[in-house]
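Take a look at the letters that make up each chain.
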Amino acid sequence: FHTGATGRRLSPIAMRRVWCRAALALCLASLAVALPLHGRTGSQAGGRAGEEDTAGGAAERDAKRRTSGYRVDRQRTMGKDRTCSKEEVFGKVSKADAETLFRSIPDPASARKSLGDITRWDHVAGTPNGNLVADYVFDRFTAALDCTEAVITKDAVEVLLTYPESRSLTMLSPVVHEAALAEDILPNDATSDTPWRNKTFLAYSASGTAEAELVYGNFCDPDDFDLLATINVSVSGKIVLCRYGNTFRGLKVMNAQARGAVGVLIYSDPAEDGFKQGEVYPDGPWRPASAVQRGSVQFISKCAGDVARLYSSQSTMDLCGYEPEDLIPKIPVLPLSYGDAEPFLRQLVMLDGAALPKGFQGGLDFAYATGPGPARVKMRVDSPMKKSIISNVVVTIPGSKYGTDEDRWVIMGNHRDAWVFGAADPNSGTAAMLEVARGFGELRRRGWQPERTIVLCSWDGEEWGLLGSTAWGEMHADELAMKAAVYLNVDVGVSGHDFTVAASPALGAIVKNVTSTLEDPARKIPLDQAWGGYVRTLGSGSDYTVFLDRLGVPSVDMSFRTVRAGAAGYGVYHSIYDSFSYVSQIVDPDFAYHTLMATLWGVLALRLADAPILSLSPPDLASALRGYVGNLKGFMGGKGCHGQCSKLHAALAAEDRGLKKIDLTDLETAVATFSKVADSAKLAAEIAKCSSAAGCGTLVQDRVNNALLATERAFLHEPGLPDRKYFRHVLQAPGFYLGYGADTFPGIVQAIRDANWAVAQEQVGVSAVRVAAATKALKSCIWKRLCVHLVDFPE
């Protein structure tokens, strides 16, 4: 045996390693026939397969998934049903030229047509139109990837969903008033005359009736309820009126329910996304008075995905540590427009001369009050739970090592379901994904093949609690643990012109590199300069959650939106006015930003798929870890805390010895050691040498790549975070009372919020152990041993 790069003869030990590696590859190749990726048939390995009915050969293959509620509904392997002509498959594009060719393909007119087609239909998850749009995307992928070897599947996933059958809200005293609970028809919004305008609801609200005095709870985070307590206002036995913002809507309900509330109303205040921000739609981008934000009220920071896990052989308790009923409200909940909320807010007063707590005043033109009362209200919700089918559409573009244990996946994801038409959220991202697929299809027909397999995922059920992506991630967990290299998410692709990125720290550098090569269409400067380079920390609220927080796959989430202090991302979020009319008239009339998003997304994927060494930056990860420790120290001193800070502030005021005794030494030492390795010149030289095949050979390249991925996986703590076993990543997670927002070193931070000093110290130890494991993975895989098993990172 000789190495391919150097021709040097291998030592006996190295030869044994090669034999072991070859034997493992042979075993996995054999297993690939029995357990194919995305339902790949054995015939595909030796030829091409066309679309298959699951009643045929796929039925036996998918028997386990069928019985568990996850099955392949449609499948097509491109090229089986016809022979492609030389005119259709031609040329040989080089790796160097592939990116240049790809950049020429995303097209504004094509993106506009895709978005217009999709948003002709309302497509709420689990509805017939939702399935229709799934088939549309399947067919568009089929056309884009014709005459390639791509595999396209449509997976049917059984889940629990709720839909509104009836609901009402009435003020009984001091005046009688019935809320409209409907959105207005607008003359220049072509789809606003839809039955869904009269179906404003929150998914997973309990059905029932509540009658009680009304209390205004501001954002309804724990600190807001603590402020109410300081003026002797209790929400026990009351209906609570919350405003959107700061905290995920489901957690507002969780907080109110925990304090004895019998019902919750959630409204959009004009201070965040209405007339206080500027002109309202249709004259501008902000929320009109009748627009209602729908959404899920699942307790998503406890666990994402289908609350009943109907598709899985594992129970909700197995995966999440909670029963299904502990993940959704037990009380009725309704969303309101600010037009509907105003009459109720006007009938509240402050009791006993109390002052309105700081931060409670909103944007309506009168003085807010907390109550309770004198407004007394009655609310009714009839929203039964039922089994439904959602559909993931998944495309696999095989890489050069497809079907072997050395194959790695670059996964791109966007959800397709919407509240109601979803032109910005999420289908601006869907339109961009279809442009990416067109580009990859053109490259593949010209002879290009990615080194790593590219997987395009069109998720369903995201709006209800990340249902489709979570199901897919759980059903493929073992494969993903071994093969997933990165996950690139685009949810709201375009709702404004300001580029934002949240990412695993190791991926920040490649995003900055690619954006430096693109131009911002409005500002006419490089995109990286328009953006500014700030990379946020990933929390939750979109489909990267299962990949990053559960499986340890480094992830990116990108969007063009409006960035303004105190403002929501855009004004018609989750209303019927998130329509093609809104996007084409207000947001991106020439579809330049849709095209830019497609180009950026595709180029990122190309570089990650074709680079000899994965573009994961250990120095950036080390820098982030040092920053997290600094933030943790500041947090322990009361800095950077919001949402749930009362106990921490009380401990600081009392100079609590338990807080002062929390010792970060082990964590600081672990981070310093990791930084020494990650920032070392030796590591940089090893990566640089292996960035070309001639530098160190493919075996060593695989070893280095495995080291980089094993480093990311090493941050997973198998038992999970305290009271949140689903979330296993010790570096970041959604804040327990934030949902969208992230906590870094979340196990430590949440224990400090709870004033549980013993758990905080325990989590310091857990985090230190995982950082040390990451150091060992990075160091030993590169210098000491062959890293065959990616999942076997050091404990």
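For the structure, check the block above.
Everything numeric in this text was worked out from a predicted model, so none of it was measured.

**Q** I'd like a description of the pattern of salt bridges, backed by residues and values.
**A** One pass over the structure, following the stated rule, counts 30 salt bridges. E99 is the salt-bridge partner of R607, the closest N and O atoms lying 2.9 Å from each other. With R607 in helix α20 (residues 592-610) and E99 in helix α5 (residues 95-103), the pair connects residues that are 508 residues apart, well separated along the chain. Between E183 and R294 there is a salt bridge, with the nearest N and O atoms lying 2.7 Å from each other. One end of the pair, E183, is in the loop between β4 (177-178) and β5 (202-203); the other, R294, is in the loop between α10 (270-273) and β9 (295-296), with 111 residues separating them in the sequence. Of the residues examined, E183 reaches a relative accessible area of 0% and is grouped as buried.

**Q** With reference to specific residues and values, describe the nonpolar core.
**A** Counting residues in each nonpolar core, the largest one holds 189 residues, and the members touching the most others are W464 and I752. When residues of this core are assigned to their parent elements, the largest contribution, twelve residues, is made by α20. Ignoring any residue separated from it by four or fewer positions in sequence, one finds I752 in contact with L632, F635, M636, L648, L659, I662, W757 and A760. M171, L181, A261 and L345 belong to the second-largest nonpolar core, a separate cluster that totals 46 residues.

**Q** I'd love a proper account of the sheet that holds strand β15 (residues 484-494), names of residues and values included.
**A** What the nine strands build is an open sheet, ordered β1-β2-β12-β14-β13-β15-β18-β16-β17; its pairing is mixed. Of all the strands in the sheet, just β1 (70-77) and β17 (535-536) have a single pairing partner and so form its edges. The pairing of strand β13 (residues 409-415) with strand β14 (residues 453-459) spans seven bridges and is classified as parallel. Looking at the pairing, I411 lines up with V455 of β14. Against the sheet, helix α13 (residues 427-445) contacts β12 (385-397), β13, β14 and β15, and its axis sits at roughly 145° relative to β13.

**Q** So, unusual backbone geometry: which residues are in play, and what are the values?
**A** Residues G371 and P372 are joined by a peptide bond in cis, for which omega reads 5°. Within the fold, P372 resides in the loop between α12 (338-345) and β11 (376-382). Positive phi values are uncommon outside glycine, yet L466 reaches one of about 65°. Although it is not a glycine, H574 adopts a positive phi angle of roughly 60°. Here H574 shows up in the loop between β18 (555-561) and α19 (580-587). Residue classification places H574 among the buried residues on the basis of a relative accessible area of 2%.

**Q** Which residues make up empty space enclosed by the protein, and what values go with them?
**A** One way to see where empty space is left: roll a probe the size of a water molecule over the atoms. Using the criterion set out here, one finds five cavities of 30 Å³ or more in the structure. Taken as a whole, the largest cavity holds about 60 Å³ of empty space. In terms of lining residues, the largest cavity is bounded by A506, L616, S617, P618, L621, L708, T711, E712 and L778. Elements represented by at least two residues in the lining of the largest cavity include exactly α21 (618-636) and α27 (698-713). Of all the elements, α27 adds the most residues to the lining of the largest cavity, at three residues. Taken together, the residues that form the lining of the largest cavity break down as six nonpolar, two polar and one charged.

Cut-offs used in this document
- Residues numbered from 1 in each chain as written.
- Predicted model: local features only at pLDDT ≥ 70, side-chain atom pairs only at ≥ 80, totals over all residues.
- Heavy atoms only, no water.
- Salt bridge = Lys/Arg side-chain N within 4 Å of Asp/Glu carboxyl O.
- Helix = DSSP H or I, 4+ residues; strand = E, 2+ residues; numbered from the N terminus.
- Buried < 20%, exposed > 50% of the residue type's maximum accessible area, 1.4 Å probe, protein only.
- Core = buried A, V, L, I, M, F, W, Y, C linked by side-chain atoms within 4.5 Å.
- Contact = heavy atoms within 4.5 Å.
- Pairing = 2+ DSSP bridges.
- Axes fitted to C-alpha atoms, helices over the stretch in contact; angles between N-to-C directions.
- 1 Å grid on protein atoms, 1.4 Å probe; cavity = no way out; pocket = protein on both sides within 12 Å on 5 of 7 lines; lining within 4 Å.
- Points joined across faces, edges and corners; volume = space filled by probe spheres on them.
- Nonpolar A, V, L, I, M, F, W, Y, C, P; charged D, E, K, R; others polar.

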